[in-house]
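Structural description and commentary
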Amino acid sequence: MPIYLDNSSTTFPKPPAVVEAIARYLTDCGVNVSRGGYRAAYAAEDLVFSTRERLAALFRAPDCKCVCFTKNVTESLNVLLKGLLRPGDHVLVSSMEHNAVMRPLNQLTKIGVFFDRLPCDSDGKTIFDKNMIKENTKAVIINHASNVFGTVSDIEETGKICSENGLKFIVDSAQSAGTIPISMKKCHIDALCFTGHKGLYGPQGIGGFIITDDMAEKTEPLISGGTGSQSDMETVPDFMPDRFEAGTLNIPGIYGLREGLKFINETGIKTIADKELLLTKLFIESIEQIPNYKIIGSKTVKNRTATVSVTANTDMANAAFILEKQFVIMTRVGMHCAPNAHKVMGTFPSGTIRFSFGFFNTEEEIMYAVEALKSDIMLSEIQNRNCYRQNT
């Protein structure tokens, strides 16, 4: 049987109720929301509304009307960054940011937006240097948990600094939502971006952001169009969530996401996190006993997610290929869309093999992966590569 260890890309498998909900919508309902004035449309709208309520409760958001749906975290970050920042603005980002933040920011530098990267410690945890705040600093953007090394940064402390200095605080929760409790109020978060297909156990193609009223007023919508509301006007609605939800929503995705949220609520975030970190601990302790492999980042399960990056003195892409071809183990290898994180942690340009564990993985699967890394074929690959380097 294939062993799936790429849950940081997307969780798999999904709870059966997620699949059933999507199928049920497509076969039994299938109508649009905020358009039709009939019972089926109202029923679909009620389910969409209840999904907003669940998300607001999960993230301790100020109001469920501030929950806006998008395709994913990437779209959410683009909406916020390109809608908020103006020429002359300065922002601070972590050194661990994903290209979902860095590519929009680099686009914005062409119109006169500036950014600096906050430093991090040896594990990749962000260190907030208050001296980096400038007169024109407008916002701070933090990747709550690194998608490469699993390191979790202190968003409560960062949010406090932002609040004290009048800065907007934007959090990317792609790798932490569903396994680490997040309170927008406690962490002074102005906008929290989430995706449905990772720790929230929904399908691909559904995500969103939750935004405070003040932040919403200062953010110009990136996409505008029909909302089903104020249809007699050609201007963008100024109320939430319609201000940021033009066009037809991914309603099948929302149906699936709602069931994913129900699964989290019924299972418990702590139960999910404890299971994933138990597997992580087992993997880390086992890998540390194998010569030639090195874990990048924290060697403990404190302040981390179930994502572990491993290097060896060999071609990492070929090593990952062997894992899949010979052992049917699915991982992710390379830059993981976060090149600066690799530069900071010393793994650029070779990259790492990323093992990311989910709630549905087992201890037997973890040990199978460990045995695969210890196998003659893998160790021979490393030794042969070392000999080739020495001879050249």
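First, a word on what this report is: a plain description of the structure on this page. This one's a predicted model, so the numbers in the text were calculated from it and none came from an experiment.

Secondary structure summary: the protein chain contains 12 helices and 13 strands in total. The C-alpha atoms of the protein chain give 22 Å as radius of gyration, which agrees with the globular expectation for 392 residues (21 Å, within 12%). Projecting the C-alpha coordinates of the protein chain onto the three principal axes gives extents of approximately 75 × 55 × 35 Å. Counting all 392 residues of the protein chain, 56% fall into the buried class. By element, 51% of the accessible surface of the protein chain is carried by carbon and sulfur atoms, the whole surface being about 17,100 Å². The centroid of the 41 positive side-chain charges in the protein chain is displaced by 3 Å from the centroid of its 44 negative side-chain charges.

Here we come to the packing of aromatic side chains. On inspection of all chains with the given rule, the structure shows 12 aromatic pairs. Ring geometry for Tyr-201 and Phe-263: centres 5.2 Å apart, planes at 70 degrees, overall edge-to-face. Here Tyr-201, found in the loop between strand E7 (191-195) and strand E8 (207-211), pairs with Phe-263, found in helix H7 (residues 251-267); they are 62 residues apart in sequence, far enough to count as distant. Exposure remark for Tyr-201: the relative accessible area of 1% places this residue in the buried category. On the accessibility criterion, Phe-263 (15% relative accessible area) is buried. A ring pair is formed by Phe-209 and Phe-244, whose centres lie 5.5 Å apart and whose planes are at 75 degrees; its orientation type is edge-to-face. A residue pair is termed long-range when its members are at least 10 positions apart, and Phe-209 in strand E8 and Phe-244 in the loop between helix H6 (213-218) and H7 qualify at 35 residues. Pairwise contacts between aromatic rings join Tyr-201, Phe-263, Phe-359 and Phe-360 into one cluster.

So, how was this worked out
- Residues numbered from 1 in each chain as written.
- Predicted model: local features only at pLDDT ≥ 70, side-chain atom pairs only at ≥ 80, totals over all residues.
- Heavy atoms only, no water.
- Helix = DSSP H or I, 4+ residues; strand = E, 2+ residues; numbered from the N terminus.
- Rg over C-alpha atoms; globule rule 2.2 N^0.38 Å.
- Buried < 20%, exposed > 50% of the residue type's maximum accessible area, 1.4 Å probe, protein only.
- Areas by Shrake-Rupley, 256 points an atom, 1.4 Å probe, with all protein chains shown as cover.
- Lys, Arg positive; Asp, Glu negative; His and termini not counted.
- Charge placed at Lys NZ, Arg CZ, Asp CG, Glu CD.
- Phe/Tyr/Trp six-rings, centres within 6.5 Å; stacked < 30°, edge-to-face > 60°.

Distances and angles like these do not, on their own, reveal function.
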